[in-house]
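So the chains spell out like this:
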Amino acid sequence: QVQLVESGGGSVQPGGSLRLSCAASGFTFSNYAMRWYRQAPGKERELVATISTSGIFTNYADSVKGRFTVSRDNAKNTVWLQMNSLKPEDTAVYYCNARYRKDDYWGQGTQVTVSS
């Protein structure tokens, strides 16, 4: 059974940090590029960060470049999103995604709220 389980969301003040985790099971994690998406209320889902299978290559949305860092550990079947200097506009539900060929798996999401 394929599972992606996000954790680490919560409420934080502007300028604060959070680290999201996504634990994968039920598939060969190291074969899959991993992505973090987010969706704010009333907005479309947005791609935030991508990491290659090896973890060598990463890519970020312009809105989070220099503030967010994506990483992975294939031995632990886990991908992380380190979020620093958080802004109110980062408020959203964050989703983990695994994609390889025709496979496209999603987690249930974790809420991040940035507010003073």
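Criteria and thresholds
- Residues numbered from 1 in each chain as written.
- Predicted model: local features only at pLDDT ≥ 70, side-chain atom pairs only at ≥ 80, totals over all residues.
- Heavy atoms only, no water.
- Helix = DSSP H or I, 4+ residues; strand = E, 2+ residues; numbered from the N terminus.
- Rg over C-alpha atoms; globule rule 2.2 N^0.38 Å.
- Buried < 20%, exposed > 50% of the residue type's maximum accessible area, 1.4 Å probe, protein only.
- Contact = heavy atoms within 4.5 Å.
- Areas by Shrake-Rupley, 256 points an atom, 1.4 Å probe, with all protein chains shown as cover.
- Lys, Arg positive; Asp, Glu negative; His and termini not counted.
- Charge placed at Lys NZ, Arg CZ, Asp CG, Glu CD.
- Pairing = 2+ DSSP bridges.
- Phe/Tyr/Trp six-rings, centres within 6.5 Å; stacked < 30°, edge-to-face > 60°.
- Lys NZ or Arg CZ within 6 Å of the ring centre and 35° of its normal.

Q: Would you explain the overall build of the protein in this entry?
A: Along the protein, the regular secondary structure elements total zero helices and 11 strands. Beginning at the N terminus, the succession of helices and strands in the protein can be written as β-β-β-β-β-β-β-β-β-β-β. Against the compact-globule benchmark of 13 Å for 116 residues, the protein has a radius of gyration of 13 Å, which places it among compact chains. Seen through its C-alpha atoms, the protein measures out along the principal axes to roughly 40 × 25 × 25 Å. Within the protein, buried positions represent 42% of all 116 residues. Expressed as a percentage of contacts within the protein between residues at least 6 apart in sequence, the contacts between residues at least 24 apart total 52%. Carbon together with sulfur atoms contributes 46% to the accessible area of the protein, which is approximately 6,200 Å² in total. The average position of the 13 basic charges and that of the 9 acidic charges among the side chains of the protein differ by 4 Å.

Q: Mind showing me how you'd approach the pairing of strand β4 (residues 33-39) here?
A: As a general feature of sheets, a regular strand has side chains that alternate between the two faces. In terms of burial, β4 is a largely internal element, six of the seven residues being buried. Direction of pairing for β4 relative to strand β9 (residues 92-100): antiparallel, over a ladder of seven bridges. Among the inter-strand pairings, Y37 is bridged to a residue of β9, identified as Y95. As defined by bridge partners, β4 adjoins strand β5 (residues 46-51) across five bridges and the pair is classed as antiparallel. In the sheet register, R35 faces β5, and the bridge partner there is T50. Following β4, the chain reverses through six residues before pairing antiparallel with β5; G42 in that reversal takes a positive phi of roughly 75°.

Q: Is there a simple way to explain the packing of aromatic side chains in this structure?
A: Under the criterion given, the structure shown has six aromatic pairs. Here the aromatic rings of F27 and F29 are separated by 6.5 Å at their centres, their planes lie at 50°, and the arrangement is tilted. The pair formed by F27 and F29 is uniform in burial state, with each residue classed as buried. In textbook terms, an aromatic cluster arises when at least three aromatic residues are bridged by ring pairs, as seen for F27, F29, Y32, Y100 and Y105. Above the plane of the ring of Y95 lies R45, whose end atom (NZ or CZ) is 3.9 Å from the centre. In this structure, R45 is placed above the aromatic ring of W106, and the distance from its NZ or CZ to the ring centre is 4.7 Å.

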